[in-house]
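Residues per chain, in single letters:
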Amino acid sequence: MSSTTDMSTDTGSVLEKTRDDRSADDVVLRLEDLVVEFPAGAGQVVHAVSGINLEVRRGETLGLVGESGCGKSTTGRAIMQLPRPTGGSVHFDGRDLAALSPEEVRKLRPKLQMIFQDPISSLNPRRRIPDIVGDPLVVWGRGADKDKVVPDVLRAVGLDPDQVADRRPHQFSGGQCQRVSIARALVLEPEVLICDEPVSALDVSVQAQILNLLEDMKARYGLTLVFIAHDLGVVRNISDRVAVMYLGRICELGPTEALFDAPVHPYTRLLVSSIPSMEGAQRGEVGTGEMPSPVSPPSGCRFRTRCPLATDRCADEVPQMREVAPGRFTACHHPVLDTAVGEPIAPAVTAVPTTPLTASNGAGSNGAGSNGAASSRTES
Amino acid sequence: MTRPTDTAPTTVAAEAAGRHRAANAAGDARPAKGDLLTVDDVHVRFHTRNGVVHAVEGVSLTLREGEVLAVVGESGSGKTVFTRRVMGLISGSRETDVEGTVTFDGITLSDLDAKGLAGVWGKEIALVLQDPMTSLNPVKRIGAQITETLVLHHKLSKQDANARAVELLRSVGLSEPERRVRQYPHELSGGMRQRVTIAIALSCSPRLLLADEPTTALDVTVQAQILDLLGDLQSRLGMAMLLVTHDLRVVRSRSDRIAVMYAGRIVETAPTKDLFDAPRMPYTEALMNAVPPITGPNHVRLAVIPGRPPNLLSPPSGCRFSPRCPYAQDRCLTEEPPLRPASELPGGGIEGHSYRCWYPVGTPENAEARRRNVERGETAAGTPVTGEMVPA
Ligand SMILES: Nc1ncnc2c1ncn2[C@@H]1O[C@H](COP(=O)(O)OP(=O)(O)O)[C@@H](O)[C@H]1O
Ligand SMILES: Nc1ncnc2c1ncn2[C@@H]1O[C@H](COP(=O)(O)OP(=O)(O)O)[C@@H](O)[C@H]1O
Ligand code: SF4
Ligand code: SF4
Ligand SMILES: [Mg+2]
Ligand SMILES: [Mg+2]
């Protein structure tokens, strides 16, 4: 696969290859019931990630969206085993990373790379650009390849190897530094690149450069991307499929366009209709309230304190992920089927809707609002 | 479009305005009816160790009563310095040169000293910032912070002020306001804190609200709530608003007019709809094309603006955008284009639409400049022209 991809292979053929490989059963990463918890002092626990199941197919870009604090970065780092998750498992190329020794995990590291939001502080300020990019080769005993590989990768990310030869990170803008960290991540020819908010710190005009570059690199190196971001426009454009997270859980997963055009989970609907858009007026429902603390998440469905469709069942029973249409998964007792964003919604399944979701009504008045300790802490 | 409300000024304001008008009756022309804020040829220069930063360069604009004007630009374009200068928070000093006039309802703010400005701040003009923590006192209860301004400007009793604080918090959509007044800022989420700063800003019913990136630090669902809240309060109270943001999408449906800033200058200004329908300045056009769309197919190739915004220590000569512009010709490198009305263009343009460009988008001159650059593979500034740069 991509590990053997010759870096000089022309883009077209690699592209075809990744397209062919993009079949539903060629899974490169599988997260099973992934749990990550952090101690929060006074015997309390931050439930950052609470039972995530997810498959990433080879050659696809999987977007991971949700508001800050919902557990996106924690999920990304858990895939990298940084730190090892509290529970559940991560399978990479069919191997359970939790079952491997630290040394075996280390050996797999080159195949799994990650880039971060703040490009400048994620690079060693004292080292020159070619060394920063070439270091991973040295660490992995391929130092001899440095002089050939580094200039190639630098050129691939749009940097002139001669011009950057003596430069250090502080001499570059944020956009240039993000190119450097992408080059550094690519130099070992990974299979999977996890991008954690790679363009969030950049100006729009520079953001477009980096997004186009990631698309190019994906084709050229036959990468699988896990693309984490809170900007929905960005995620929508780059992703083949999108997983929406809320308070440590995935609430919806599906093909990008379908998910954005007619979301089935009430939270996705809220999220999508909140996107400010170049196309004009805001579409559809506007919510109220904010995400509760992950230290004491609501019982049952974690979105119920803000959900206009919540019923008693939502407080009692954790909704399980299920397929509601081909390729479309959601964890909701009352999903909204076949309803475009902006159209009034009614739940698909039985259970009485308490209030229709329309502009300017929100979570406060629903049946489950009084239930559980967390709801009282939640804005409504 | 614009919503001239012609609200009667509060007595205090009228007094202050009257006083000031009398003081410089000889000099100042009375602003046209309905004009609330007039900014004329404002400059701000910082003398730094590395040289002079010309952060705001000849900015002029007018804000009418009840109107929402958005100032949009990438980071470092001078939006915050401009806003702070309008507010009087930046004034001339040994390190800072300021030029130009800022007139609010007949009062020349740029002539006032700190004491004179204090009479206007909070009461007539209020400010909301990106990070609510910078304007909130971390060791003071929410209620006390709200009543502080009220007691100062309206001489309310403590009890009345407290009741008013609760009422204000309710009006900005904060739940359990009676409990909130006793809480400290750190006990609230970012979105709740921003609601509190908005409540404080509105406590004295200002006629002008300056909001500098009020939702940039917030998540998208909270951002939508806060923007709706601001828009709602603005139209209900007939308040004018200067909404400063780096995100064009945010102001698309929430402003009457937009001024686009680049490298310290206004490069285009127009009624919002016209700006989106027919941008004339290439930077505005490029910015619009660089934003990922939220409808239509995914994997759309985004238009790219090469390079990055200029360093204001040594901005490019001629047109500030010339090193990044796909249409740049020789003239652009030496002569800076003035702000011209779009109505002079063939085919006419909308009243109130002006732009700064020698080869405005949508003209034969632009098409010719584009053709020449594509043909020679680079612009007059030597920037390679790629398919990604030039929209079809
Ligand atoms: N090392 C840590 N220790 C304690 N809490 C953490 C740690 N890392 C993350 N968290 C908490 O876990 C939750 C999820 O965080 P994160 O994964 O960073 O969210 P996101 O990336 O979606 O913004 C947050 O409440 C965050 O404060
Ligand atoms: N006190 C100061 N001294 C020197 N330079 C400054 C100062 N304040 C702002 N600047 C510079 O002025 C320019 C405009 O900054 P700012 O108004 O904050 O931009 P924006 O708000 O559009 O992001 C930037 O180059 C910034 O570094
Ligand atoms: S309907 Fe129930 S299960 Fe579905 S999102 Fe709302 S609260 Fe959760
Ligand atoms: S065409 Fe010339 S004047 Fe117009 S924006 Fe481009 S460089 Fe500036
Ligand atoms: Mg994160
Ligand atoms: Mg600013």
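In this text, all values refer to a predicted model and were calculated from it rather than measured experimentally. (Residues numbered from 1 in each chain as written. Chains lettered and ligands numbered in written order. Predicted model: local features only at pLDDT ≥ 70, side-chain atom pairs only at ≥ 80, totals over all residues. Heavy atoms only, no water.)

Some words on the sheet that holds strand S8 (residues 240-245) of chain B
All names here are of chain B.
Okay, step 1: Strand order across the open sheet formed by eight strands is S6-S7-S8-S3-S9-S10-S12-S11, with mixed pairing between neighbours. Either end of the sheet is taken by a strand with one partner, and the two such strands are strand S6 (125-128) and strand S11 (339-341). Neighbour-to-neighbour, the strand axes of this sheet turn through a mean angle of 20 degrees, independent of strand direction.
Okay, step 2: Relative to S8, strand S7 (residues 208-212) is paired through five bridges, and the arrangement is parallel. The residue bridging Leu209 from the neighbouring strand is Met241, located in S8.
Okay, step 3: Contacting S6 and S7, helix H8 (residues 190-202) runs over the sheet at an angle of about 175 degrees to S6.
Okay, step 4: The strands touched by helix H12 (residues 282-290) within the sheet are strand S9 (257-262) and strand S10 (265-271), with S9 carrying the most contacts at an inclination of about 100 degrees. (Pairing = 2+ DSSP bridges. Helix = DSSP H or I, 4+ residues; strand = E, 2+ residues; numbered from the N terminus. Axes fitted to C-alpha atoms, helices over the stretch in contact; angles between N-to-C directions. Contact = heavy atoms within 4.5 Å.)

Points about the UniProt feature "domain: ABC transporter" (unreviewed entry) in chain A
Okay, step 1: UniProt's feature table lists "domain: ABC transporter" (unreviewed entry) at residues 29-272 of chain A, given in the numbering used throughout.
Okay, step 2: With 38% helix and 26% strand, residues 29-272 of chain A has end C-alpha atoms that lie 27 Å from one another. (UniProt positions renumbered as here; feature names shortened; annotations may be inferred.)

Notes on the confidence of the model for chain B
All names here are of chain B.
Okay, step 1: With 91% of its residues at a pLDDT of at least 70, chain B reaches an overall mean of 86.
Okay, step 2: When mean pLDDT is compared element by element in chain B, helix H13 (residues 330-334) scores highest at 98, while helix H1 (residues 11-23) scores lowest at 36.
Okay, step 3: Of the regions scoring below 50 in pLDDT, residues 1-32 engages in 41 contacts with residues more than four places distant in sequence or in other chains. (pLDDT = per-residue confidence, 0-100.)

A look at the site of ligand 1
Residues and elements named next belong to chain A.
Okay, step 1: Neighbouring residues of ligand 1: Phe38, Val46, Ala48, Glu67, Ser68, Gly69, Cys70, Gly71, Lys72, Ser73, Thr74 and Pro294.
Okay, step 2: At 2.5 Å, a side-chain N or O of Thr74 approaches an oxygen atom of ligand 1.
Okay, step 3: Computed on the free molecule, ligand 1 has an accessible area of 560 Å², of which 64% lies beneath the protein chains in the complex.
Okay, step 4: When contributions to the shell around ligand 1 are tallied by element, the ones reaching two or more residues are strand S2 (45-57) and helix H2 (72-79).
Okay, step 5: Looking at the shell around ligand 1, the element that brings in the most residues is H2, giving three residues. (Near = heavy atom within 4 Å. Polar contact = N/O pair within 3.5 Å; in protein donor to acceptor, adjacent residues only side chain to side chain. Areas by Shrake-Rupley, 256 points an atom, 1.4 Å probe, with all protein chains shown as cover.)

Comments concerning helix H11 (residues 266-273) of chain A
Okay, step 1: Here H11(A) lies mainly inside the structure; eight of its eight residues are buried.
Okay, step 2: Within the sequence span of H11(A), burial applies to Pro266(A), Tyr267(A), Thr268(A), Arg269(A), Leu270(A), Leu271(A), Val272(A) and Ser273(A).
Okay, step 3: Tucked into the core, H11(A) has its buried residues touching strand S3 (61-65), helix H9 (232-238), strand S9 (241-246), strand S10 (249-255) and helix H10 (256-261) of chain A together with helix H9 (220-237) of chain B. (Buried < 20%, exposed > 50% of the residue type's maximum accessible area, 1.4 Å probe, protein only.)

Here we look at the environment of Thr305(A)
Okay, step 1: Looking at the secondary structure, you find Thr305(A) in the loop between H11 and helix H12 (312-316).
Okay, step 2: For the pair Thr305(A) and Met291(A), spaced 14 residues apart in the sequence, the C-alpha separation amounts to 8.7 Å.

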